[in-house]
Amino acid sequence: MIRRVLPHGLGRGLLTRRPGTRRGGFSLDWDGKVSEIKKKIKSILPGTSCDLLPDTSHLPPEHSDVVIVGGGLLGLSVAYWLKKLESRRGGIRVLVVERDHTYSQASTGLSVGGICQQFSLPENIQLSLFSASFLRNINEYLAVTNAPPLDLQFNPSGCLLLASEKDAAAMESNVKVQKQEGAKVCLMSPDQLRNKFPWINTEGVALASYGMENEGWFDPWCLLQGLRQKVESMGVFFCQGEVTRFVSSSQRMLTTDDEMVILKRIHEVHVKMDHSLEYQPVECAIVINAAGAWSAQIAALAGIGKGPPGTLQGTKLPVEPRKRYVYVWHCPQGPGLETPLVADTSGAYFRREGLGSNYLGGRSPTEEEEPDPTNLEVDHDFFQEKVWPHLALRVPAFETLKVQTAWAGYYDYNTFDQNGVVGPHPLVVNMYFATGFSGHGLQQAPGVGRAVAEMILQGSFQTIDLSSFLFNRFYLGEKTQENTTM
Amino acid sequence: MAAPWLSLRLVARMWNGTRGIHRLGGAVVPEGNQKKERTMLQFLTNHFYDVEALRGYLLQREMSKVHMKNRSFTWLEEQHGPYCAGAFFILKQGGAVKFRDKEWIRPDKYGHFSPEFWNFQEVPVEAVDASDCEINYEGLDNLLLLKELQSLLLQRCPHVDDWCLSRLYPLADSLQELSLAGCPRVSERGLACLHHLQNLRRLDISDLPAVSNPGLTQILVEEMLPNCKVVGVDWAEGLKLGPEEQPQDTASPVLA
């Protein structure tokens, strides 16, 4: 790879030692002299470029202990906890590789920003509770010396989940589990609902669960910027580029039943720069796949899923991008300041946005209605036909609403059981996953980041046990499924 | 306090930071006379690791002082009952307590208070004046022991924020008066979760710097709590009245 000498770089080094300017005003035209000399040398020796100090400032470092693929919320969270939990200061060198520094398609920035503990799996509830306490104490966790404190714009208005007759029993048992784990959730009957929120039409609602504390919504962009600032101040390297190749080595080993197993270890990550063919091979010890909606491509690069189907080698990472729409509308007679994040029996949800009678919401499409995930174009007909009727049924005031704007974002959708994948891969020994959260990544990011960091630094999950989220379950066929309507 | 130390104090920095402005990367330009000393301290911090470490250490120390003040006193509940435990916490913080049919108990300027309240084990606490105290989210554990509290004054508390307000709902049956005047971290998002307090008769939300639109917030809070008298903001102050313009909001404020 021919590296060009940037005359600027070389020239600047010589310029700092100018004697002329120190004496004050006596100019030797040093720049001109240097460039003349270089031209003379080049003309004398044609064909060879003077390759003394090529400029590599845009490239990532050549060695890094941990390479995190994906600089969204999950990737930054893992980087933060790795640096926080390392036993010696500067003990681990971490590199975060992000393809798009404007985060234009990243799920974090396009998210609705809700946090809620109303899950059925205890692990999910604990993750969400920890995230709530992380957000509450954000200025202790993410304090950077010269920067002003973060304001996450958190709305503690809670989440209200509505259940029809057939889901009521499941909701009751879920609330019991949630209360056991320490979430502050209460059940409400349709009468109590009408009392508290007179703008709801309780037709078809048998039961509702209302989260009173630690639930609501916040600004994910602010969290991302705050994390990024803190992580940079802790000494993590950032690089804008795309991972195009993994160089790995394999070892054949025999199990106790004399079966041959091929274990792979990734040695190098090739990071390609934007708009050029230039790439940098980064030697690494551990790779973390936090690429969100594009995690499957990264996993395929590492050879995960290349094998006969039905075997462990042939089990692909079942995460794919799914497009979801969010619509913002204005409704002057709509529900008041106390409105929680309401999730209807039909799957439609909405919440207030700001003080000015604006609301935002959407609905998850059914499997047949899934939109094409190749781009982030918004389908406005989807709102007219599939979202508005349900909203207008539940909240009669929404019959007269006016859509202001809309956007689309990706879920890193786990097609197997819609829950995250966390932890190492059984065959590619040094690749760790932190992806596949299917719409819950934002509220579980701090907890998952800490879990992955513990796994790497201490070998096992220490605070929250996420063993049911390991990759093995895809091969064994054991689904860790949520049975809520969220 | 001397001016250079002011910029290290947790409280002063929080005030300047939470103006409710949505910003990316935290690049807020400081205004006014704080700019010079800020720049000097910032300059030193950016160029010397020692200064950065010292500032980080002082910040951590401030935070742990606040944590110490808000440690849990719930172990006192077995011996002396919930009312005395809660009252002890408030008095230790520097606030004042009023038991039912008794006088206000206040600590003097040295922080000493009379131990007579240990005898009032069965007497519920009616009113708490925790103004200027450093109560935060964890400290509310102790405050929520006082189940029959009727009046709570949290004026100018520097660490009371929206998360704390979301924790006040257990007092909904008894709380009738709440004052949040001058709290620098309370915004309209925290005021939204006061709708649980249906017995509230008087709410003071004056002088909240983090609320973006005080007039509109006052109207929305009055709509949310129809039986409550909401004090503190003149709702017409945020409106620009032209010669033919009418006030825009459709609701009319209902005063108890």
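Residues numbered from 1 in each chain as written. Chains lettered and ligands numbered in written order. Predicted model: local features only at pLDDT ≥ 70, side-chain atom pairs only at ≥ 80, totals over all residues. Heavy atoms only, no water.

An unreviewed UniProt entry annotates chain B as Distal membrane-arm assembly complex protein 2 originating from Rhinopithecus bieti. Database annotation for chain B, UniProt heading Function (unreviewed entry): "Required for the assembly of the mitochondrial NADH:ubiquinone oxidoreductase complex (complex I). Involved in the assembly of the distal region of complex I." Database annotation for chain B, UniProt heading Subunit (unreviewed entry): "Interacts with incompletely assembled mitochondrial NADH:ubiquinone oxidoreductase complex (complex I)." (UniProt positions renumbered as here; feature names shortened; annotations may be inferred.)

Chain A appears in an unreviewed UniProt entry as FAD-dependent oxidoreductase domain-containing protein 1 from Rhinopithecus roxellana. Quoted verbatim from the Function (unreviewed entry) field of UniProt, the annotation for chain A is "Required for the assembly of the mitochondrial membrane respiratory chain NADH dehydrogenase (Complex I). Involved in mid-late stages of complex I assembly." Annotation of chain A in UniProt includes, under Cofactor (unreviewed entry), the sentence "FAD".

1. Some thoughts on the domain arrangement of chain B
Entries for chain B in the domain assignment read domain 1 (65-123) and domain 2 (149-233). Here the C-alpha centroids of domain 1 of chain B and domain 2 of chain B sit 24 Å apart. (Domains from an automatic or database assignment.)

2. Remarks on the interface of chain B and chain A
Each partner contributes residues to the interface: chain B has 42 residues there, and chain A has 36 residues. Both sides together, the interface formed by chain B and chain A hides about 3600 Å², and carbon and sulfur atoms give 58% of it. On the chain B side of the interface with chain A, the three residues burying the most area are Trp163(B), Tyr169(B) and Arg189(B), jointly 21% of the side's total. Summed over the shared surface of chain B and chain A, the result is 2 salt bridges. The residue Asp151(A) makes a salt bridge to Arg189(B) at a minimum N-O spacing of 3.9 Å. For the interface between chain B and chain A, the tally reads 9 residue pairs in polar contact (both at pLDDT 80 or more). Listed by contribution, the elements that provide at least two residues to the side of chain B that touches chain A are helix 2 (10-17), helix 3 (34-47), helix 4 (49-69), helix 7 (162-165), helix 8 (188-191) and helix 9 (214-224) of chain B. With 6 residues, the single largest contributor to the side of chain B that touches chain A is helix 4 of chain B. Taken together, the residues that form the side of chain B that touches chain A break down as 15 nonpolar, 18 polar and 9 charged. (Contact = heavy atoms within 4.5 Å. Buried area = accessible area lost by both parts, 1.4 Å probe. Salt bridge = Lys/Arg side-chain N within 4 Å of Asp/Glu carboxyl O. Polar contact = N/O pair within 3.5 Å; in protein donor to acceptor, adjacent residues only side chain to side chain. Helix = DSSP H or I, 4+ residues; strand = E, 2+ residues; numbered from the N terminus. Nonpolar A, V, L, I, M, F, W, Y, C, P; charged D, E, K, R; others polar.)

3. Re the pairing of strand 11 (residues 319-330) of chain A
Successive side chains on a regular strand alternate, one facing one side of the sheet and the next facing the other. All names here are of chain A. In terms of burial, strand 11 is a largely internal element, 9 of the 12 residues being buried. Where strand 11 lies against strand 15 (residues 402-414), 12 bridges are found, and the strand directions are antiparallel. Bridging across to strand 15, His330 finds its partner in Lys402. Relative to strand 14 (residues 358-363), strand 11 is paired through 4 bridges, and the arrangement is antiparallel. When the sheet's bridge partners are listed, Trp329 is paired in strand 14 with Tyr359. (Buried < 20%, exposed > 50% of the residue type's maximum accessible area, 1.4 Å probe, protein only. Pairing = 2+ DSSP bridges.)

4. Section: the domain arrangement of chain A
All names here are of chain A. On domain assignment, one finds that chain A holds domain 1 (57-154 + 216-318 + 415-485), domain 2 (159-211) and domain 3 (323-410). A straight line from the C-alpha centre of domain 1 to that of domain 2 covers 34 Å. In this complex, domain 1 contributes 13 residues to the contact, which on the side of domain 2 involves 15 residues. Carbon and sulfur atoms supply 57% of the area buried between domain 1 and domain 2, which totals about 1100 Å² over both sides.

5. Concerning unusual backbone geometry
Phi at Asp258(A) is positive, roughly 65°, even though this residue is not glycine. With respect to the helices, strands and loops of the structure, Asp258(A) is situated in the loop between strand 8 (237-254) and strand 9 (260-273). Positive phi is not limited to glycine here, since Asp207(B) has a value of about 60°. If you trace the backbone, Asp207(B) turns up in the loop between strand 6 (202-204) and helix 9.

6. Remarks on the UniProt feature "domain: FAD dependent oxidoreductase" (unreviewed entry) in chain A
According to UniProt, the feature "domain: FAD dependent oxidoreductase" (unreviewed entry) maps to residues 65-455 of chain A in the numbering used here. End C-alpha atoms of residues 65-455 of chain A are separated by 15 Å, and the span's content is 27% helix alongside 31% strand.

7. Details of the packing of helix 5 (residues 122-136) of chain A against helix 7 (residues 165-181) of chain A
All names here are of chain A. In the contact formed by helix 5 and helix 7, the axes pass within 10 Å of each other and the chain directions differ by 50°. What the angle tells us is that helix 5 and helix 7 run oblique. Both helix 5 and helix 7 take part in a crossing whose hand is right-handed. Contacts between helix 5 and helix 7 involve Pro122, Ile125, Gln126 and Leu129 from the first element and Val177, Gln178 and Glu181 from the second. For the contact of helix 5 with helix 7, the class distribution of residues is 4 nonpolar, 2 polar and 1 charged. (Axes fitted to C-alpha atoms, helices over the stretch in contact; angles between N-to-C directions. Parallel < 35°, antiparallel > 145°, perpendicular 65-115°, else oblique. Left-handed = near helix turned anticlockwise from the far one by under 90°.)

8. Examining the nonpolar core
Counting residues in hydrophobic clusters, the biggest one holds 115 residues, and the most contacted among them are Ile288(A), Leu178(B), Leu191(B) and Leu194(B). In this structure Leu194(B) touches Leu165(B), Leu168(B), Leu178(B), Leu180(B), Leu203(B), Met224(B) and Leu225(B), once residues within four positions along its chain are discounted. (Core = buried A, V, L, I, M, F, W, Y, C linked by side-chain atoms within 4.5 Å.)

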